[in-house]
Amino acid sequence: MDNFYTIVQLGDATIRMAIPLLLACLAGLFSERAGIFDIGLEGKMLAAAFLSAAVSFTTGSVWIGLFAGIGASIMLSIVHGIASITFRGNQLISGVAINFLAAGLTVVIAGGWFGQAGRTPSLSGAARFDGIDFPGALTRIRDMRDASPGMQFYSELISGHSILVYIAFVAVPLSWWVLYRTRFGLRLRAVGENPAAVDTAGISVVQLRFAAVIICGVLCGIAGAYLSTAVQAGFTKDMTANRGFIALAALIFAKWRPWQALGACLLFGFFFAIEARFSTISMDAIWVILLLVLPSVFMIFYAVRRDKIDMAVLGGLSAVLIAIALMTWIGAASGEGIGMLTGLFETVRIPNDFIKSLPYILTVVILAGFVGKAIPPRAGGEPYVKER
Amino acid sequence: MDAMPRWAEVVLVPLISLLLAMVISIFVIIAIGEDPFNALGIMADASLGSTQGIGYTLYYATNFIFTGLAVAVAFHARLFNIGGEGQAMLGGVGVATVCLYFPLPHWTIALVVAAAASALLGAAWAAIPAYLQAKRGSHIVITTIMFNFIASGLLVYLLREVYKPDGSMEPASPRFPEPTHLPSFEDMANAIGWDAFTSSPANITFFVALLACFAIWLLIWHTRLGYEIRALGHSETAAKYAGINPVKLTMIAMLISGGLAGMMAINNVMGEAERLVLNATEGAGFIGIAVALMGRNHPVGIIIAAVLFGMLYQGGAVLAQDTSIPVQMIVVIQALVIMFTGALDNLVRAPLQRVFLSMRKAT
Amino acid sequence: EPAVIFDLGGKFDKSFNESAFNGAQRWAEETGGTFAEVELTSDAQREQALRRFAEDGKNPIVMAGFAFATALEEVAGDYPDTKFQIIDMVVDQPNVRSIVFAEEQGSYLVGMAAAMAAEGGTIGFIGGMDIPLIRNFACGYAQGAKAVNPDVTVIANMTGTTPAAWNDPVKGSELTLAQISQGAEVVYAAAGGTGVGVLQTAADEGILSIGVDSNQNYLHPGQVLTSMLKRVDNAVYDAFTAGTELEPGFNVMDLSNEGVGYAVDENNADLITAEMTAALEDAQAKIVAGEISVHNYNSDESCPALEF
Amino acid sequence: MNDQAPAIELKGISKAFGPVQANKDISIRVMPGTIHGIIGENGAGKSTLMSILYGFYKADKGEIFIAGKKTTIPDSQAAIAAGIGMVFQHFKLVENFTVLENVVLGAEDSGLLKPSLNRARRELKALAEEYELNVDADALIEDIGVGMQQRVEILKALYRKADILILDEPTGVLTPAEADQLFRILGRLKEEGKTIILITHKLREIMDITDTVSVMRRGEMTATVKTSETSPPELAELMVGRKVLLRVEKKPAQPGKTILEVKDLHVTDNKGVHRIKGVSFKVHAGEVLGIAGVAGNGQSELLEVLGGYEKATGEVIVNGEPIDLTGAHSDGQSRRARGIGHVPEDRQREGLIMDYTAWENTAFGYHHDARYQKGLLMDNSAIYQDTVGKMERFDVRPPDPKLQAKSFSGGNQQKIVLAREIERNPDLLLIGQPTRGVDIGAIEFIHQQIIALRDQGKAILLVSVELEEILALSDRIAVMFDGQIMGERMPDQTDEKELGLLMAGMTSAPKDKPLHEAVEENLAFAGGDASKEV
Ligand SMILES: Nc1ncnc2c1ncn2[C@@H]1O[C@H](COP(=O)(O)OP(=O)(O)OP(=O)(O)O)[C@@H](O)[C@H]1O
Ligand SMILES: Nc1ncnc2c1ncn2[C@@H]1O[C@H](COP(=O)(O)OP(=O)(O)OP(=O)(O)O)[C@@H](O)[C@H]1O
Ligand SMILES: [Mg+2]
Ligand SMILES: [Mg+2]
């Protein structure tokens, strides 16, 4: 029962971690499906997080704050659009610049506005999104702990999230429907694949792409507002903590499709939930060693059937992993009176720096091992140039 | 036939873009209620007004030259290496390891050994994203970003568990032994009896960076390897036709790139801090992207852009101390510079082209 | 003109740095003087900031945080006429005043309060960056709790291992939820800006929390049990008041000189029962008198009451 | 002829792309119900002019009249509204959309897709019946051959109710049977009163089906004549500005020893499609072996394998020694070392680095040559000097080695590639599509070079989709279909009709159904393979 509740809670944390990723991921989906790459998701979320908190605090209404946050995000989207659509600039660079811009401006403006560089005052009451409690649901963790599993599931996972969470979940089928079932979606997908086809069909490439980046702005705005007004009660500097980049990785993992994006974001959310919950994980040395050695063996087998580059890179990586495994073993066995064999069953603590890096490591592993070559929208990243 | 002479493309476009970025920055400073000209004055004075200021500026510029070159080399192969930050961290690990655990008798030897170690670890850190891009098609932008995060996790671990002296609270290595200390500009000036660059961090690594620029210039435009790297960058299909192995070239270009980013550590870790600290790279890996772009991926351009960003850094740090403008103002200015010179360059180029075209027609 | 340099968490971390700022601010208001200040954004700037202030003739220069130790070692000798004060760390130089706080004593008292408030016998601790300094907080807290209730369970978590851990309210909130699900009824946040998230979540979930450094009772009236006061503000205030006459040397701020303590005000008056007040005052007297000795984690990097 | 208003009248159209004046003060009238041809050298401005009419580019100056009414065409939307449809030189289709989605794109009825798609499906069926334009509405564009893709483009125009149809070099990628079928359809459209503008480099097509023809040169309209009153030599002269040899003059071949022998070659591409299914043949010194075939039937892969950038199984013997088909020595460098030169099919994507200067491109693939080295560095000035000579001998215009490859016209780009590969004096020269999209002036020169090389006793393997070219240059002709060689013919003992049948996988004309249908069926059968991008 306790275990079940832990799982339910982990699920709850997963949702909390996944929602901003999901919204940002869908944002990126619209933009990139229209052929505009956007590594500025991070910056847009950050700007939205700041402005929504700031305006919520000032007006006392979180809804006004939400719209302000969305507005901030849309503004940056338009900047990105002007750079990459109107002036056909480099989309990656524009994205990098937007990230810097948001990181700097939020702090500078917060300093001017609230006299506290890098944060807004705490929000409370109507200035913040509260959880929506479904009928009959328990609201307190202490009550839930003693409830039945079904009740735990209902109260923790189904009920009690803020409205933005439900909006994010609804956004998934909605995005799918818009992309695949409407005229707008058809055109949007087409402009990301071959803008010339859209152009010669008599549709404005520029308008369509601007529409896409603005949708991207709206979704990023909600993601940012969620962080500062629902999860937290106020803005702190750099509070997006690289979620924009993880969302991009999720987008690639999902191969630019909405339902898969949901899956990818939940997975990444889960990694972060684990990271946030278990800052210390201990296990028997043998498991650690196996976890290091087995992939090494697999990689070596994979490499020997291929060329020199595979052998060098994978061999090197395996050597490092095996060295770490050996060191773990020796470390575990080096205690007083512990032999090498019993050393295997000593409990070792996994460094929490590793656990903190785990989501990133898993992202790479997933991209490398399970996604294969993700083919982005064909016109993605390239400005549409008719005449030079 | 080009629409514009080359000098206009290379000099005029970036310069006007830069001016535009400055104009907007001035408006931002006015908007937060400060005097922009006073602020610019402080920044100019702090970065160029004294040999000490210049020493700081060149110290930062040295970092940016390395990361800028790193980005540029990868760019020539059409690879976007955002991982300079992580690669530079690993470079720091390399420097710290040789400086702390190898008995290096003299700074000259230490410099060579540390440069090699930092380049090696930087390259190793770039190897996996490069491999994944070349062999598995995993997007290098994403993987290098991830490797930045992983590098910082690894660095904290190493600092705390390996390098940190017992009893210290700070996750940082002890100071490197005396013989590994590199001569700073101050030392060099004093040696010739000139009292200058007092306690500024610029050091001999600046010259190593200039050397690296020359080497990269040779590599890219005067060697077969450079020829192949550029060919791959321009057209992978054509490269294949010519018998160039894209996988191999992708690896090589990224290894060189990672090595250069790693070598930044001899400046900041060995030359300045003389110990390894957590946040030593200070975002230089990201600035490198802007520097490479502004410098049009050419070593000479990179030197100029690096010095400019060095001035921004140094000027900004002093600005924050002397006024109530937060340090992040500098981040805003950087963003504007990157935006205008990197992404909005057509805003300047298109009208300029028209001007040159009409001038030509008129004659 | 005196100067203060804030550490990476930033001036408004609602905690350590803010406390230092408050001290400086109070001095400025009372004397009408002005002071210079700077917030650092990276480790590499420490030395530069110190040197600039010293060269500009700022005196004394106060820095908030142990991380300045290395830079100060380096710089202090070059400016023998400038007085420096470092907090939370000892730097042995003739012109440096080092101030350390007996955090374990203050934490001991709030640990007692926590154990008395927690009927179920489980309390939590959330630290910022995992360093000996913060472990000392946790250790004192656990000792105090065990003194009241030997069977008490203390769940301790650290937010992270980098300075970013001082500023990660989202993670703080997650850790709080985890601790609540493990039964925690009071959580003590010694985590700088991260604590904002801890206190927020505790309030949202209807459990009690304990603030740190400055008085944080006001953040969620009626829901913050108390705050462990670490009077960094006093340390800064005193240094500024002493001005160039600042006396170098080593200084411990503890219960006896009100360097640490716990906060009672109108926001938590209802939470602190008479029984608690009696027990806490009794313990405080005994600590000051040396009858109770609270173990300092830093003395031997171990803790009798808690395992990390 | 009559007093009817012209379907289209352009007056004084000018258009510059930066420094390039693509169209200069062009005027043209096209009468309704006629087929109007436009010819001209590469870069003469034909596509530009038509793109202006279709609203893809905006003219700098000039007026457009549709059916006598002055019309402004700011974008393609306006052109479509004015009843104009255009099939571009490079198709404008979304590769991973279905045929149906491509047809509907931009012509949807409402916000929701379903109704539009349903209506389009019905209408497509009707159009298909009316014009014999069969397509599988649910096939993905990337899965169908270029002939089919062209049909989709035509259907797109008809679905939008176009009265004026512009086709830009439509036959470049078609088999003769497919081209015939296209012209039949055009004939029927004309009968219905629709107006057709046809851009082509093939004078025979002009003579066969157009009513009038306009000639463009260097951005200007040099002549408009009635087709019935002109002749190919006259048109060629109008285009190029001098007399052009339309026939290749060559002596009979003197085949020598076997230079290239291919035995049972198999190629499977990285998608797992079996591209070449057991091909064997020989090429001797002093002869040209021509390989004919519809694009996508394995000829490209054949060249890629021999050129060293596609892996294969089987045996390939050059000058008596086998070459490595999979291992470390199967790359382009090793091939060149074995005396194999290669003019690739796609000069812009393979043969040249478009952003490299001409002199840099001269070393491309040969950059490891000892004579281009100076110690560890490359000897850039040696390469430069080399280029000056090559440009002169091959009459590359402008002869400036510092220009980037992309600033040369297609014909001159091709000359740079040829100069590089021919002057290397290879024993075996692989040539793919030597004159694709190249105008007749340059074609003449390129053909002469190929024959000259043959006469020096070199072996030449020529791949081309142009049957005329194959017939003119080859000493023997092999026809590929679906990854196999359907048969070998001597050029003087065969004709386009027979080769066309072989290219569609048939050895004799079918009796039970029209030829083009059978061709279509067969090509569709090979369809999975025939989808390779062209
Ligand atoms: N999109 C473009 N932007 C700039 N210049 C172009 C562009 N397209 C063509 N050119 C210029 O046009 C000139 C000739 O190009 P064009 O495409 O007409 O050649 P071509 O002979 O038609 O080649 P091809 O046979 O491959 O179609 C060159 O100077 C080239 O630089
Ligand atoms: N998009 C473009 N941008 C810049 N210049 C262009 C562009 N397209 C064409 N040009 C220029 O316009 C000139 C005319 O090109 P156009 O494509 O109309 O020639 P064309 O007659 O169709 O040639 P081809 O027979 O090769 O198709 C070219 O020489 C080229 O310089
Ligand atoms: Mg053309
Ligand atoms: Mg054309």
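Since the model is a prediction, treat every value here as computed from it, not as a measurement.

Draft legend 1. Geometry of the interface of chain D and chain B. Contacts between the two partners involve 32 residues from chain D, matched on the other side by 24 residues from chain B. For the pairing of chain D and chain B, the buried interface totals around 2,400 Å² over both sides, and the portion due to carbon and sulfur atoms is 57%. Per-residue buried area on chain D facing chain B is highest for Pro19, Tyr356 and Met378 of chain D; these three make up 23% of the total on that side. Here chain D and chain B share one salt bridge between them. Counting across the chain D and chain B interface gives 22 residue pairs in polar contact (both at pLDDT 80 or more). Only helix H10 (332-337), helix H11 (347-351), helix H12 (358-362), strand S18 (377-378) and helix H14 (410-422) of chain D provide two or more residues apiece to the side of chain D that touches chain B.

Draft legend 2. Main features of the nonpolar core. Counting residues in hydrophobic clusters, the biggest one holds 354 residues, and the most contacted among them are Phe309 of chain B together with Leu53 and Leu186 of chain D. By size, the runner-up hydrophobic cluster in this structure holds 72 residues, among which are Phe6, Phe66, Met112 and Trp166 of chain C.

Draft legend 3. Representation of the pattern of salt bridges within the structure. All chains considered together, the criterion is met by 61 salt bridges over all chains. Where Glu275 of chain A meets Lys356 of chain A, a salt bridge forms, and the shortest distance between an N and an O atom there is 3.7 Å. Placement of the pair is Glu275 of chain A in helix H12 (residues 258-277) and Lys356 of chain A in helix H16 (residues 352-371), with a sequence separation of 81 residues. Accessibility expressed as a relative area gives 29% for Lys356 of chain A, which makes it partly exposed. Its salt-bridge partner being Glu275 of chain A, residue Lys171 of chain C comes within 3.1 Å of it at the nearest N-O pair.

Draft legend 4. Expanded view of the packing of H12 of chain A against helix H6 (residues 169-181) of chain C. One way to put it is that H12 of chain A packs onto H6 of chain C with a least axis distance of 8 Å and a crossing angle of 70 degrees. In terms of orientation, H12 of chain A lies roughly perpendicular with respect to H6 of chain C. For the pair formed by H12 of chain A and H6 of chain C, the contact residues are Glu275, Ala276 and Arg277 of chain A on the first element and Lys171, Glu174, Leu175, Leu177, Ala178 and Ser181 of chain C on the second. For the contact of H12 of chain A with H6 of chain C, the class distribution of residues is four nonpolar, one polar and four charged.

Draft legend 5. Structural detail: empty space enclosed by the protein. All names here are of chain C. One pass over the structure, following the stated rule, counts 15 cavities of 30 Å³ or more. Empty space within the second largest cavity amounts to approximately 360 Å³. Along the walls of the second largest cavity sit 30 residues, with Asp7, Phe16, Phe66, Leu133 and Trp166 positioned nearest its centre. Broken down by secondary-structure element, the contributors of at least two residues to the lining of the second largest cavity are helix H1 (16-31), helix H5 (132-148) and strand S9 (208-213). Here the lining of the second largest cavity is built from residues that sort into 16 nonpolar, six polar and eight charged.

Draft legend 6. Local environment of the coordination of the magnesium ion (ligand 4). Residue and element names in this part refer to chain D. With distances of 1.8 to 2.3 Å, the protein atoms coordinating the magnesium ion (ligand 4) are Ser47 (OG) and Gln89 (OE1). Between the magnesium ion (ligand 4) and the magnesium ion (ligand 3), a separation of 4.0 Å is found. With a gap of 42 residues between them, Ser47 in helix H1 (residues 46-53) and Gln89 in the loop between strand S6 (84-87) and helix H3 (99-104) connect regions that are remote in the sequence. Ser47 sits in the partly exposed class, given a relative accessible area of 22%.

Draft legend 7. Main features of the UniProt feature "domain: ABC transporter" (unreviewed entry) in chain D. Residue and element names in this part refer to chain D. According to UniProt, the positions carrying the feature "domain: ABC transporter" (unreviewed entry) are residues 8-243 and 260-507. As annotated, residues 8-243 has a helix share of 36% and a strand share of 27%, and its two end C-alpha atoms lie 32 Å apart. Its end C-alpha atoms 27 Å apart, residues 260-507 is made of 33% helix and 25% strand.

Draft legend 8. Quick peek at the interface of chain A and chain B. If you look at the interface, chain A gives 47 residues, while chain B gives 45 residues. Interface of chain A and chain B: buried area, both sides summed, is about 4,000 Å²; carbon and sulfur atoms make up 79% of it. Taken together, the links from chain A to chain B amount to three salt bridges. Here Asp307 of chain A ties to Lys135 of chain B by a salt bridge, and the two come within 2.8 Å at their closest N and O atoms. Those elements that provide at least two residues to the side of chain A that touches chain B are helix H3 (62-86), helix H4 (91-114), helix H11 (243-253), helix H14 (308-333) and H16 of chain A. Here the side of chain A that touches chain B takes 12 residues from H4 of chain A, the largest share from any one element.

Conventions we followed
- Residues numbered from 1 in each chain as written.
- Chains lettered and ligands numbered in written order.
- Predicted model: local features only at pLDDT ≥ 70, side-chain atom pairs only at ≥ 80, totals over all residues.
- Heavy atoms only, no water.
- Contact = heavy atoms within 4.5 Å.
- Buried area = accessible area lost by both parts, 1.4 Å probe.
- Salt bridge = Lys/Arg side-chain N within 4 Å of Asp/Glu carboxyl O.
- Polar contact = N/O pair within 3.5 Å; in protein donor to acceptor, adjacent residues only side chain to side chain.
- Helix = DSSP H or I, 4+ residues; strand = E, 2+ residues; numbered from the N terminus.
- Core = buried A, V, L, I, M, F, W, Y, C linked by side-chain atoms within 4.5 Å.
- Buried < 20%, exposed > 50% of the residue type's maximum accessible area, 1.4 Å probe, protein only.
- Axes fitted to C-alpha atoms, helices over the stretch in contact; angles between N-to-C directions.
- Parallel < 35°, antiparallel > 145°, perpendicular 65-115°, else oblique.
- Nonpolar A, V, L, I, M, F, W, Y, C, P; charged D, E, K, R; others polar.
- 1 Å grid on protein atoms, 1.4 Å probe; cavity = no way out; pocket = protein on both sides within 12 Å on 5 of 7 lines; lining within 4 Å.
- Points joined across faces, edges and corners; volume = space filled by probe spheres on them.
- Donors = N, O, S within 2.8 Å, 3.2 Å for Na, K, Ca; no water.
- UniProt positions renumbered as here; feature names shortened; annotations may be inferred.

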